[in-house]
Amino acid sequence: MTLRSRIIGIGSFLPEHISTNDDMAKIVDTSDEWIVERTGIRVRHFADENMSSSVMATKAAQQALANAGLTGDDLDLIVLATVSPDKTFPATAVYVQAALGMKRGCAFDVVAACSGFLYALRMADNMIRLGQVKTALVVGVETLSKITDFKDRNTCVLFGDGAGCVVLRAEEGKGTPADRGVLDTLIYSDGSYAPDLCSTGGPSTNHEVGYITMNGREVFRHAAVNMAEVSQEILDKNGVALADVDWLVPHQANIRILEATAKRLGIPMEKVISTVDLHANTSAASIPLALAEGVKSGKLKEGQLLLLPGMGAGFTWGASLIRL
Ligand code: COA
């Protein structure tokens, strides 16, 4: 027997304000045609001045808890992934903890950019497998609009805001890929690529929050390769054939990266959940937002096998294999 982290609730939140590509063309020298052709993005959601990451994360968490039939008090752990925290410290997770009325256990953040949800999932799953916690909330949330330079057309058209999360509960499994829950998660990083996608600021360097800066071509070059390779690795490690995967639910950076990943891996686009057109790149929030959309649309169903690859600043990358 093996302890598994089964997903018993999924929640998401997108801020009300929607910005179209034409809206972006009023701010920088760009066009709907350029953005759609190069990225597949059509619209993105932006948080207003008063909406912080913890506010959005709490809304998503409340939905996931309701979905699971639980309250904040039932949680032993919150792991929250973000690169756009409420404050430099404390962790955004503790604001969510307080807002949910959770008085026990622990709550902390992880910073792994677009791979953040996978890192957070791995931490929570590890603690569940070790028997340290029974019920955990794993959140990916970003208010990237607050760290975006709206004078830089190379980056400002690419990102959006949102939150997504899952509630995990410990359950006995047989230790085979037929089990429901998180079957495995692999995470990697290579810090030598940090300058290719980073913030221009930080408390211990220049006392600033900074803006997103990116070497788009370098990121693009690595994204599909890393996501396809780590996907194949996790399948091989778990003795699962690609044909057994029902859905690829990848980090949503760019439709061309999704297509290139699917092609390299050998999975048809019909089996790929894509939300990049509607959400743009929401970094740590993108995978759980795609999961939530997939469930809402009726595509993702109980018992199906999902493969979740991601790649982001660091560079960080990874993949999770989950049976819903
Ligand atoms: N509108 C119009 N033109 C733009 C533009 C925009 N929003 N952004 C950049 N351009 C211009 C560039 O300035 C460049 O012009 P130049 O040739 O006169 O210098 C031209 O478009 C081509 O730029 P290039 O970088 O070659 O485009 P690309 O085909 O590589 O696409 C990205 C650019 C950013 C879409 C692409 O590199 C990409 O998707 N990278 C990955 C980004 C990403 O997903 N990051 C997060 C990963 S977690």
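This text follows the structure it describes.
Definitions and cut-offs
Residues numbered from 1 in each chain as written. Predicted model: local features only at pLDDT ≥ 70, side-chain atom pairs only at ≥ 80, totals over all residues. Heavy atoms only, no water. Helix = DSSP H or I, 4+ residues; strand = E, 2+ residues; numbered from the N terminus. Contact = heavy atoms within 4.5 Å. 1 Å grid on protein atoms, 1.4 Å probe; cavity = no way out; pocket = protein on both sides within 12 Å on 5 of 7 lines; lining within 4 Å. Points joined across faces, edges and corners; volume = space filled by probe spheres on them. Nonpolar A, V, L, I, M, F, W, Y, C, P; charged D, E, K, R; others polar. Buried < 20%, exposed > 50% of the residue type's maximum accessible area, 1.4 Å probe, protein only. Core = buried A, V, L, I, M, F, W, Y, C linked by side-chain atoms within 4.5 Å. Lys, Arg positive; Asp, Glu negative; His and termini not counted. Salt bridge = Lys/Arg side-chain N within 4 Å of Asp/Glu carboxyl O. Polar contact = N/O pair within 3.5 Å; in protein donor to acceptor, adjacent residues only side chain to side chain. Axes fitted to C-alpha atoms, helices over the stretch in contact; angles between N-to-C directions. Parallel < 35°, antiparallel > 145°, perpendicular 65-115°, else oblique. Left-handed = near helix turned anticlockwise from the far one by under 90°. Pairing = 2+ DSSP bridges. Near = heavy atom within 4 Å. Areas by Shrake-Rupley, 256 points an atom, 1.4 Å probe, with all protein chains shown as cover. Sits in = over half its atoms within 2 Å of the grid points.

## Details of the environment of leucine 242
With respect to the helices, strands and loops of the structure, leucine 242 is situated in the loop between helix H7 (216–237) and strand E11 (247–248). On a C-alpha basis, the gap between leucine 242 and leucine 265 in space is 8.3 Å, while along the polypeptide they are 23 residues apart. Beyond its immediate stretch of four places on either side in the chain, leucine 242 contacts Leu235, Leu265, Gly266 and Ile267.

## Remarks on the layout of surface pockets
Of the pockets and cavities examined, the largest pocket occupies roughly 860 Å³. Lining of the largest pocket is provided by 35 residues; of these, Val83, Ser84, Pro85, Ile147 and Ser199 occupy positions nearest its centre. If one sorts the elements of the lining of the largest pocket by residue count, strand E9 (residues 197–199) sits on top with 3 residues. Split into classes, the residues belonging to the lining of the largest pocket amount to 18 nonpolar, 12 polar and 5 charged. Its boundaries defined by the atoms lining it, the second largest pocket holds a volume of some 560 Å³. In terms of lining residues, the second largest pocket is bounded by 24 residues, among which Leu158, Met214, Gly216, Phe220 and Asn254 are the most central. Residue assignment for the lining of the second largest pocket shows that the elements contributing at least two residues are helix H2 (32–39), helix H6 (153–156), H7, helix H8 (255–265) and strand E12 (305–312).

## Quick look at helix H10 (residues 286–296)
A large share of H10 lies buried, amounting to 8 of its 11 residues. All buried positions along H10 are accounted for by Ser286, Ile287, Pro288, Leu289, Ala290, Leu291, Ala292 and Gly294. Looking at the buried side of H10, the elements it contacts are strand E1 (2–13), helix H5 (116–129), strand E6 (135–143), strand E7 (161–173), helix H9 (276–279) and E12. Of the residues flanking the end of H10, it is glycine 298, one or two places downstream, whose phi is positive at about 85°.

## Some details on the nonpolar core
Counting 44 residues, the largest nonpolar core has Val157, Leu235, Ile267, Leu307 and Leu321 as the members making the most contacts within it. The element best represented in this core is H7, accounting for 6 residues. Those residues within four positions of leucine 235 in sequence are excluded, and the remaining contacts are Val240, Leu242, Val245, Leu307 and Leu321. The next biggest cluster of nonpolar side chains, apart from the first, holds 34 residues, and it includes Ala120, Trp247, Ala292 and Leu308.

## Examining the side chain of arginine 323
Structurally, arginine 323 can be placed in strand E13 (residues 316–323). No salt bridge is formed by the buried arginine 323; the nearest opposite charge belongs to aspartate 246, separated by 4.9 Å. A distance of 2.9 Å separates the side chain of arginine 323 from the backbone oxygen of glycine 303, its partner in a polar contact. When near neighbours in sequence (up to four residues on either side) are disregarded, arginine 323 contacts Pro177, Ala178, Asp179, Arg180, Gly181, Leu183, Gly303, Gln304 and Leu305.

## Let's talk about the packing of H7 against H8
At a minimum axis separation of 9 Å, H7 and H8 run at an interaxial angle of 40°. On the basis of the axis angle, H7 is oblique to H8. Like other packed secondary-structure pairs, H7 and H8 cross with a definite hand, here right-handed. Counted together, Phe220, Ala223, Ala224, Val225, Met227, Ala228, Ser231 and Gln232 of H7 and Arg256, Ile257, Ala260, Thr261, Arg264 and Leu265 of H8 form the full contact between these two elements.

## Here we look at the sheet that holds E11
Ordered by their spatial adjacency, 4 strands build an open sheet running E8-E13-E12-E11, and the pairing between neighbours is mixed. In the strand order of this sheet, the two ends are held by strand E8 (181–189) and E11, each with one partner. Two elements, E8 and E13, share 8 bridges in a ladder whose sense is antiparallel. Across the sheet, glycine 181 pairs through a bridge with arginine 323, a residue of E13. Packed onto the sheet, H5 meets E8, E12 and E13 and runs at close to 130° relative to E8.

## Concerning the site of the ligand
In the vicinity of the ligand lie 22 residues, with Thr30, Arg38, Gly216, Arg217 and Asn254 positioned nearest. With respect to the ligand, the side chain of threonine 30 contributes an N or O atom lying 2.7 Å from a nitrogen atom. Taking 950 Å² as the accessible area of the ligand by itself, protein coverage stands at 75%. A majority-of-atoms criterion places the ligand in the second largest pocket. For the shell around the ligand, the elements supplying multiple residues, two or more each, are H2, H6, H7, H8 and E12. In terms of residue count, the dominant contributor to the shell around the ligand is H7 (4 residues). By residue class, the composition of the shell around the ligand is 9 nonpolar, 8 polar and 5 charged.

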